[in-house]
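Observations on the three-dimensional arrangement
What follows is each chain in one-letter form.
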Amino acid sequence: MNYVLLLLCAATALTAEPLKAVSLQLQWKYQFQFAGYIMAKEKGFYQEAGLDVTIKEWDHNINMVDEVIEGRSEYAVSRPTSMIDIYQGKQILYLATIFQSSPLILLADKRSGITSVKDFKGKRIMTTGDLNTDTSLLSMMFSQGIYREDFETQMPSFNPQDLIDGKTDLMASYISNEPFVLEELGGDPVIFSPKDYGFDFYNDMLITGMTYYKNHPQEVKRFKSATLKGWRYAFSNIDETVNILHSKYNSQHKSKEALTYEANELKKLAYYKTNTLGVIEASKLEKIYNVYKLLGLVHEDISFNKHIYDEHMFDAELTTREKEYLKQKQAITMCVDPNWMPFEQFDDNGNYMGMAADYFKLFEKTLNASFNVIHTDSWEASLNAAKKRECDIMSLVMQTPERKKFLNFTSSYLKIPLVITTKLDVPFVNAITDLKDKKIGISKGYAFAEILRNKYPYLNIIEVDDIDDGLDRVNNRELFGYIGTLASVGYKFQTKYSGELKIAGKLNDNWELGVGVRNDDKLLLSIMQKAVNNLSHEEQQKILNKWVSIRYEKGVDYSLVWRILYAVLFISLLLIYWYRKLHIANTKLEETNRALEQTNADLIRTREKLREISITDKLTNLYNRHKIDEVLREKQELANRYNTLFSVIILDIDHFKQINDSFGHQAGDTVLQQFAALLLDRKRQSDIIGRWGGEEFILILPLSEKKDIIAFAESLRKIIDEHDFENVDHVTASVGATLYIHEEPIDHTISRADKALYRSKNQGRNQVNFL
């Protein structure tokens with residue numbers, strides 16, 4: 001029976017499809033920050049998805065985006081600065097955002113007296129000071145009038161003890177880690193979080209390469225699903241997850257208490273303002289990206305909808321189920337904007353026309369479906385109809401948080417620049433700040449009213465009935481200007497406002513428009529996304545050329561044409577002039593910044609070099625007596641606070657004076673250097689080694705058992721005894737060792753090790769003693 005069962009199991013194993021090996025690159029060392037991926041692996045979720053996942057810790061000089069772009073890892077955990085990589089042309093795809101709000105903060109100790117961001121002036125801050133890395137921190141400070149020249153930047157030590165010891169005033173930290181450590185050390189954490197100042201960034205964004213997704217869409221879908229399942233499990237089973245991390249994934253040697261604290265803090269950030277794990281929205285990406293634009297890190301707009309995972313984003317063919325849906329549906333009802341040319345409107349006979357109408361003729365052919373356009377009197381009425389489910393889709397709509405309550409959205413198929421229209425006598429609008437406190441019209445219900453209010457709260461936005469109402473009120477000087485699309489405003493200029501209005505400037509924002517689909521019909525969303533995916537560049541360009549190029553009917557005053565062309569030329573020249581002027585200024589600024597950064601880097605290197613010189617023994621490159629004294633005090637404080645132990649070993653080269661007398665001081669120096677090298681070869685990561693003075697060396701070790709200390713000391717003695725030192729006779733060393741006793745003065749510990757050393761010397765040398 002058992003034999004038959006074994007044969008069946010073997011046959012199953014042989015026929016089972018082998019797991020596909022993929023790797024995930026983390027952005028830091030193992031900790032609860034990556035618990036979801038670890039639990040997806042440990043609980044078999046990745047295996048169930050047909051994947052054998054290798055989870056790789058971060059190491060120096062690893063760029064997470066480059067890892068996936070260059071194929072060294074299929075997946076990676078990135079920071080929001082990956083948007084800068086997208087701006088630079090790197091084709092990555094966001095699969096999920098684990099933390100809806102970044103854990104990055106600035107941390108101070110209450111004893112510093114720092115209570116507000118304004119108190120940062122003249123202070124020392126441990127942070128890279130790099131805009132790319134610390135954008136949210138620097139933006140928080142800049143917003144409060146604190147700039148980089150107002151504080152001293154220190155290289156991060158990641159050790160909150162430095163706050164207590166007064167070595168720094170603030171340090172860049174994760175809210176899930178360092179505040180806990182600071183409190184454990186006896187400090188009183190004071191936290192400054194960018195999100196409290198309006199800089200609410202995503203963090204830990206799961207990415208893959210765009211090309212990789214195109215080639216492996218089902219695998220990516222399974223990987224994302226298994227990952228989020230792992231995160232849900234980790235947050236629902238924190239104790240079990242902490243135990244696994246502590247025992248198997250603990251390269252940072254974090255305590256269970258620290259991991260549990262981290263878990264609870266990160267869970268808050270993962271579900272911040274949402275009940276859904278992994279949410280990522282284009283609107284929030286654009287908000288973060290705009291901060292990068294303001295800081296000069298990027299310059300051009302990006303459509304992030306194209307970089308957010310959608311399992312249908314590259315689909316083109318309708319499934320059997322989708323075809324059957326359309327067959328049963330017969331006609332899809334559609335709401336439109338009845339007065340928004342050249343995009344769409346109803347003509348005098350009630351026929352639907354415009355750019356969107358041409359697109360939907362293409363969609364009808366692609367889908368072999370019919371669209372039944374619902375007649376309304378205004379855009380606002382169309383939005384209300386969509387809310388009431390009186391139409392299945394909206395033809396041309398921009399995504400906003402409010403609209404997501406009743407619509408889902410395809411990717412955009414139209415991207416149109418926004419412009420400001422004014423009277424002719426108004427100066428050129430160089431920046432949106434020029435519109436501060438001025439009455440600006442936007443059509444009722446338009447997405448950009450909501451977006452611009454949030455983005456530029458100083459704008460005095462007045463909602464108007466439609467574009468005609470808006471332009472009329474500008475013409476009558478009831479409004480300073482009207483914000484609309486270049487296409488719609490240009491279209492209106494063909495027949496009206498001759499010699500009265502002008503396009504006074506272009507905003508840095510674009511209107512990105514796609515199909516809005518009622519959010520209770522996921523199948524229809526998939527169908528419409530495939531229709532958008534099937535659009536060719538040639539088809540889009542043809543429609544754009546048809547409607548955006550200036551068209552003149554019979555009876556049009558051709559002097560108007562020339563006035564418009566002259567106005568366009570004048571605006572173009574102004575744009576070129578201001579662009580050139582801005583470009584020159586930016587170039588000079590960039591050169592100055594590079595020079596300042598280089599100077600700052602040189603100063604940092606000089607300071608670090610001086611610091612290194614002050615703590616290093618020149619001959620052996622080991623820590624000197626000054627540094628060892630500092631380490632001993634730190635070890636003593638930590639041992640007393642956490643009830644831990646450490647040991648001290650002192651080694652003395654036997655008959656060193658005879659070596660100098662017989663072979664010369666140069667030979668003696670060589671012996672000291674080789675002796676130091678032997679100790680370093682035996683050094684573990686947590687060991688501290690220094691030159692104690694003359695021919696004496698000292699080791700500070702985390703060993704706490706007498707037998708382990710003696711065994712380690714004896715191994716050192718034996719290595720030295722067996723080593724062939726250059727140009728001298730046999731060299732040996734006497735060794736003394738001891739264990740720190742809680743609450744005793746550190747001088748007593750050193751004295752005890754010294755006594756053990758001299759006992760070794762008095763008993764014949766080349767031996768170990770412990771006291």
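Relevant structure appears above.
Source: prediction; values computed, not measured. (Residues numbered from 1 in each chain as written. Predicted model: local features only at pLDDT ≥ 70, side-chain atom pairs only at ≥ 80, totals over all residues. Heavy atoms only, no water.)

A few points about the overall build of the protein chain
Scanning the protein chain from N- to C-terminus turns up 27 helices and 27 strands. Here the protein chain holds 771 residues, and 50% of them are scored as buried. Across the protein chain, contacts joining residues at least 24 apart in sequence account for 75% of those joining residues at least 6 apart. When the accessible surface of the protein chain is split by element, carbon and sulfur atoms take 50% of a total near 37700 Å². (Helix = DSSP H or I, 4+ residues; strand = E, 2+ residues; numbered from the N terminus. Buried < 20%, exposed > 50% of the residue type's maximum accessible area, 1.4 Å probe, protein only. Contact = heavy atoms within 4.5 Å. Areas by Shrake-Rupley, 256 points an atom, 1.4 Å probe, with all protein chains shown as cover.)

A short note on the side chain of Glu219
Mapped onto the fold, Glu219 is located in helix 10 (residues 217-236). By relative accessible area, Glu219 is classed as buried at 5%.

So, the packing of aromatic side chains
This structure, assessed with the given rule, holds 29 aromatic pairs. Look at Tyr289 and Phe304: their rings are 5.2 Å apart centre to centre, the planes differ by 70°, and that puts the pair in the edge-to-face class. Remark: Phe304 occurs in the loop between helix 13 (282-294) and helix 14 (320-329) and Tyr289 occurs in helix 13; sequence separation between them is 15 residues. Overall, Phe304 belongs to the buried group, its relative accessible area being 0%. Positioned over the ring face of Trp692 is Arg625, at 3.5 Å from the centre of the ring. A cation sits over an aromatic face here: Lys627 above Tyr623, 5.5 Å from the ring centre. (Phe/Tyr/Trp six-rings, centres within 6.5 Å; stacked < 30°, edge-to-face > 60°. Lys NZ or Arg CZ within 6 Å of the ring centre and 35° of its normal.)

A short note on the sheet that holds strand 14 (residues 352-353)
Sheet architecture is open: 3 strands sit in the order 12-13-14, paired in antiparallel fashion. Bordering the open sheet on either side are strand 12 (339-340) and strand 14, each of which pairs with just one other strand. Here strand 13 (residues 344-346) runs beside strand 14; their pairing, made up of 2 bridges, is antiparallel. Looking at the pairing, Gln345 lines up with Met353 of strand 14. (Pairing = 2+ DSSP bridges.)

Thoughts on the side chain of Thr421
Topologically, Thr421 is positioned in strand 18 (residues 414-423). Once you skip the residues sitting within four places of it in the chain, Thr421 turns out to touch Leu471, Val474, Phe480, Gly481, Tyr482, Val489, Phe493, Leu501 and Lys502.

So, helix 11 (residues 238-248)
Those residues of helix 11 lying buried are Ile238, Thr241, Val242, Ile244 and Leu245. On an axial view of helix 11, the arc spanned by its buried residues comes to 165°, and they lie on one face. Of the residues in helix 11, the exposed ones pointing more than 90 degrees away from the buried face are Asp239, Ser247 and Lys248. Taken together, the buried residues of helix 11 touch helix 2 (35-42), helix 10 and helix 12 (256-270). (Arc of directions from axis to C-beta.)

Here's the deal with the state of the cysteines
The tally for this structure, following the rule as stated, stands at 1 disulfide. Between the sulfur atoms of Cys335 and its disulfide mate Cys391 the distance is 2.2 Å. Across the S-S bond of Cys335 and Cys391 the torsion is about -110°, and the bridge reads as left-handed. With Cys335 in strand 11 (residues 331-335) and Cys391 in the loop between helix 16 (379-387) and strand 16 (393-397), this residue pair connects regions lying 56 residues apart in the sequence. Of the two residues, Cys335 and Cys391, neither departs from the other in class, the shared state being buried. (Disulfide = S-S within 2.5 Å.)

Thoughts on the pattern of salt bridges
In this structure the tally under the stated criterion is 40 salt bridges. Two residues, Lys404 and Glu281, come together in a salt bridge whose shortest N-O distance is 3.7 Å. Taken as a pair, Lys404 in the loop between strand 16 and strand 17 (407-409) and Glu281 in the loop between helix 12 and helix 13 lie far apart in primary sequence, 123 residues in all. Relative accessible area serves as the criterion here: at 25%, Glu281 is assigned to the partly exposed category. Here Arg473 makes a salt bridge to Glu478, at a shortest N to O gap of 3.5 Å. The class for Arg473 is partly exposed, based on a relative accessible area of 22%. Among the ionic contacts, a cluster of salt bridges with common partners joins Asp162, Lys167, Lys627, Glu630 and Glu634. (Salt bridge = Lys/Arg side-chain N within 4 Å of Asp/Glu carboxyl O.)

Some thoughts on the packing of helix 15 (residues 355-367) against helix 20 (residues 522-533)
Running from N to C, helix 15 and helix 20 cross one another at 110°; their axes reach a closest spacing of 10 Å. By the angle class used here, helix 15 and helix 20 are roughly perpendicular. Of the residues in helix 20, those in contact with Phe360, Phe363, Thr366 and Leu367 of helix 15 are Ile527, Met528, Ala531 and Val532. Looking at the contact of helix 15 with helix 20, its residues break down into 7 nonpolar, 1 polar and no charged. (Axes fitted to C-alpha atoms, helices over the stretch in contact; angles between N-to-C directions. Parallel < 35°, antiparallel > 145°, perpendicular 65-115°, else oblique. Nonpolar A, V, L, I, M, F, W, Y, C, P; charged D, E, K, R; others polar.)

Looking at the pairing of strand 20 (residues 460-464)
Across 5 bridges, the pairing between strand 19 (residues 439-443) and strand 20 is parallel. Bridged to Gly441 within strand 20 is Ile462. Crossover strand 19 to strand 20 through helix 17 (residues 447-455) is right-handed. (Right-handed = clockwise from strand over helix to strand, strands pointing away.)

Comments concerning the nonpolar core
In this structure, Phe363, Ile393, Tyr413, Leu452 and Met528 are the most contacted members of the largest nonpolar core, which totals 84 residues. Among the elements that make up this core, the one with the highest residue count is strand 22 (residues 501-518) (8 residues). Among all residues touching Phe363, those that are not within four sequence positions of it are Asn368, Phe371, Val515, Met528, Ala531, Val532 and Leu535. In this structure, Tyr30, Tyr37, Ile55 and Met313 belong to the second largest nonpolar core, which totals 55 residues. (Core = buried A, V, L, I, M, F, W, Y, C linked by side-chain atoms within 4.5 Å.)

Overview of the pairing of strand 11
The element strand 11 is extensively covered by neighbouring structure, given that 4 of its 5 residues are classed as buried. Pairing between strand 11 and strand 15 (residues 370-374): 5 bridges, direction parallel. By the bridge assignment, Ile332 is partnered in strand 15 with Phe371. Relative to strand 16, strand 11 runs parallel, the two sharing 2 bridges. By the bridge assignment, Met334 is partnered in strand 16 with Ile393.

Considering unusual backbone geometry
Residues apart from glycine generally show negative phi values, whereas peptide bonds are mostly found in trans. Here the bond from Met341 into Pro342 is cis, since omega is 10°, no more than 30 degrees from zero. Tracing the sequence through the fold places Pro342 in the loop between strand 12 and strand 13. At Asn368, a residue that is not glycine, the phi angle is positive and equals roughly 55°. Inspection of the secondary structure puts Asn368 in the loop between helix 15 and strand 15. Backbone geometry at Asn621 places phi at a positive 65°, although glycine is not the residue there. Its location among the elements puts Asn621 in the loop between helix 22 (558-615) and helix 23 (625-642).

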